[in-house]
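# Residue-level structural notes
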Amino acid sequence: MTSRDTPPPPSTAATNAAAPRPIPYRNAAPDTAPSHTAASQPPVSHTGTPAPPRARAASAHAAASRIADARIATSAPHPGASDIPADVVLQEQWGRIRARLQAEVGDIEYRTWLRQMTLAGLEQDEIHVTLPTLFLRDWVRSHHGDRLSTLWQQENPSVRRVELRVGGAMAPGRAISLEADPSPASAPDPRAGARAEGRGESRTDPRAETRADLAGSLDPRLTFDAFVVGKPNEFAYACARRVAEHPASRGFNPLFLYGGVGLGKTHLMHAIAWELLGADATASVAYMSAEKFMYRFIAAIRSQQTMEFKEQLRSVDMLMIDDLQFLIGKDNTQEEFFHTFNALVDAGKQIVVSADKSPSDLSGLEDRLRTRLGCGMVADLHATTFELRISILQTKTRAANVAVPDKVLEFLAHMITANVRELEAALNRLIAHANLFGRPITLETTHEVLHDVLKSRDRRVSIDEIQRRVAKHYNIRVAEMSSARRAREVARPRQIAMFLAKRLTSRSLPEIGRHFGDRDHTTVMHAINRIGDLISQDARFAEDVELLMRSLEA
């Protein structure tokens, strides 16, 4: 083919007029203005000759239509005027506003305060933005409210006002995990969110996912049904029930549980949490030890996420701190707990705290914190009685479906008196030994399996120590414990010492008698029975004996 046969290339102006132009969908000017000159040029046919007049008119009409469409899209008052759905446009504008805020305030402040903002929608000329808590809503409103309004008006002139509200961002019915979110903040893809909503898919909130993890910290075995109630713990049990059924009720917030090791404080706290979560599907509970509270607070300071830590704790319905005595001497952690305490109480949320001593005896705590802990309901768990220990052992054996002779249960209840955990551990060892070796549980096997526990008990409480403590309590000489005097002021303390020796040591009756002036074992048995009768008849006398027993066990 010769050069004369080759058609000349179309002009640049004609190409621009023929090519389709993208139609913008937001309030932004097109990259280049449409060429009026190109629209007025006659189109060229594939042979290089001018098109006929009819084709020329149609091409000019199409170009004019494209110009009109571009002008309409550019001057649209709000996103609904374009073919793109209004909610998608709104989400894109929100994504750009969040990106600008993040660039202006920095990643740390954005992640701490602004990342939890959620676009709720547009009503007439008012944008609604939600935040998960009242505290966070007020802070964002006072520090960034005006800037949010300015950015929205720049992005969408139809917006006249930005309304910040409190909206739910918490996973219902779950306990809160206080694990820090290691992922950096990033603006969400508004198109992806809109597509997911259009398909009926739920958008996953990372905070909601982390909040669901702490349920593993609550032991499902520790419920109210599994708690054995007796005289030493009935008041604490009743208070715990009241708080679980009616959180933040007057006079019960905070609830302060105190008592010795292994008396049921932690059990009651777990039971309160499970009862609340079972009764209210929207409740949220944060449970942790005081030591873990301190470590998480320190970790939040190091990772510059203190505000996230504060918000996670102050957005719960119930905060439970176990073993508060570990905060003694930790001034900064005490101050953080103090402010968290006040924020939750002011918001009508429940606080449950446990410790080994009453608030007035926790001398290492700040006065302002100690007085606030004591302003609610304070309930103590006393040392277990023989009857309560028997009930606990019987409940455990029924749960394990194992037959244990009553004599063995009575022996364990006599020998292990101070700690319910030790009592349960001893019973578990006996049951495991019987299952592994196929041997019946008897007193002989009990002595064999628990020889270390029994020796430890003997080292902790001796008959000599019991005699010294009882003699001091009743203001008599220790030598009177072995004397032949039968006067009431001497005989009664001697009988109490024999009673305590039987309860707190593993000595036999003849051995106890030898420590009291070589008395016969029948004399010791009479003393034990006599003190037992007086305890059941005289409440004041029973309290006196229990006080002695607790001082010896301590």
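What this report covers is the structure whose coordinates are included nearby. (Residues numbered from 1 in each chain as written. Predicted model: local features only at pLDDT ≥ 70, side-chain atom pairs only at ≥ 80, totals over all residues. Heavy atoms only, no water.)

## A short note on the overall build of the protein chain
If you tally the helices and strands in the protein chain, you get 24 helices and eight strands. The 554 residues of the protein chain split such that 44% are buried. With the model as given, the accessible surface of the protein chain reaches about 28,900 Å², and the carbon-plus-sulfur share is 52%. (Helix = DSSP H or I, 4+ residues; strand = E, 2+ residues; numbered from the N terminus. Buried < 20%, exposed > 50% of the residue type's maximum accessible area, 1.4 Å probe, protein only. Areas by Shrake-Rupley, 256 points an atom, 1.4 Å probe, with all protein chains shown as cover.)

## Regarding the sheet that holds strand 8 (residues 377-381)
Taken in spatial order, the five strands line up as 5-6-7-4-8 in an open sheet, and their pairing is parallel. The open sheet terminates on both sides in strands that have one partner only, identified here as strand 5 (285-289) and strand 8. Averaged over all neighbouring strand pairs, the angle between strand axes comes to 15 degrees, with direction disregarded. Note that strand 5 and strand 6 (residues 318-322) share five bridges and pair parallel. When the bridges of strand 6 are listed, A286 appears paired with L319. Across the face of the sheet, helix 9 (residues 234-245) comes into contact with strand 4 (255-259), strand 6, strand 7 (350-355) and strand 8 while running at roughly 140 degrees to strand 8. (Pairing = 2+ DSSP bridges. Axes fitted to C-alpha atoms, helices over the stretch in contact; angles between N-to-C directions. Contact = heavy atoms within 4.5 Å.)

## Topic: the pairing of strand 6
Put simply, side chains in a regular strand alternate between the two faces of the sheet. Extensive coverage of strand 6 is indicated by the burial of five of its five residues. Neither face of strand 6 is open: one carries M318, M320 and D322, the other L319 and I321, and all of them are buried. Bridge count between strand 6 and strand 7: four bridges; the pairing is parallel. Paired with I321 across the two strands is V353, which belongs to strand 7.

## Re unusual backbone geometry
Backbone geometry follows two general trends: most residues other than glycine have a negative phi, and most peptide bonds adopt the trans configuration. Following N253, the chain continues to P254 via a peptide bond in cis, the omega torsion being 5 degrees. Assignment of secondary structure puts P254 in the loop between helix 9 and strand 4. Unusually for a residue other than glycine, A248 sits at a positive phi of about 60 degrees. With respect to the helices and strands, the residue A248 is situated in the loop between helix 9 and strand 4. Its identity is not glycine, yet D518 carries a phi of approximately 55 degrees, on the positive side. Tracing the sequence through the fold places D518 in the loop between helix 22 (509-515) and helix 23 (521-537).

## Description of the pattern of salt bridges
Tallying each qualifying case throughout the model produces 20 salt bridges. The partner of E448 in a salt bridge is R439, with the nearest N and O atoms 3.4 Å apart. Using a relative accessible area of 45% as the deciding quantity, one classes E448 as partly exposed. A salt bridge links R507 to E511; the shortest N-O distance between them is 3.9 Å. Connected via shared salt-bridge partners are R477, E480, R485 and E489. (Salt bridge = Lys/Arg side-chain N within 4 Å of Asp/Glu carboxyl O.)

## A closer look at the environment of A290
Counting through the fold element by element, A290 comes out in helix 11 (residues 290-302). Once residues lying within four places of it in the same chain are set aside, the contact partners of A290 are I321, D322, D323, L324, F326 and L327.

## Things to note about the pairing of strand 2 (residues 126-131)
Of all six residues in strand 2, six are buried; the element is thus mostly enclosed. The side-chain alternation of strand 2 yields two buried faces, one formed by E126, H128 and T130 and the other by I127, V129 and L131. Across five bridges, the pairing between strand 1 (residues 118-123) and strand 2 is antiparallel. Across the sheet, T118 pairs through a bridge with T130, a residue of strand 2.

## Quick look at the packing of helix 20 (residues 463-473) against helix 21 (residues 488-504)
Look at helix 20 against helix 21: their axes get within 9 Å of each other, and the N-to-C directions meet at 145 degrees. The interaxial crossing formed by helix 20 with helix 21 has right-handed handedness. The residues of helix 21 that touch helix 20, namely those facing I463, I466 and V470, are P493, A497, L500, A501 and L504. Here the contact of helix 20 with helix 21 is built from residues that sort into eight nonpolar, no polar and no charged. (Left-handed = near helix turned anticlockwise from the far one by under 90°. Nonpolar A, V, L, I, M, F, W, Y, C, P; charged D, E, K, R; others polar.)

## Re the sheet that holds strand 3 (residues 161-166)
As summarised here, the arrangement of the three strands in space is 1-2-3, forming an open sheet in which the pairing is mixed. Taken across any chain shown, the strands that pair with only one partner, and hence form the sheet edges, are strand 1 and strand 3. Direction aside, neighbouring strands of the sheet carry axes that sit 25 degrees apart on average. By the bridge criterion, six bridges tie strand 2 to strand 3 in an arrangement that is parallel. Its bridge partner being in strand 3, L131 is matched across the sheet by V166. Along the sheet, helix 4 (residues 86-105) contacts strand 1 and strand 2; its crossing angle with strand 1, the most-contacted strand, is approximately 130 degrees.

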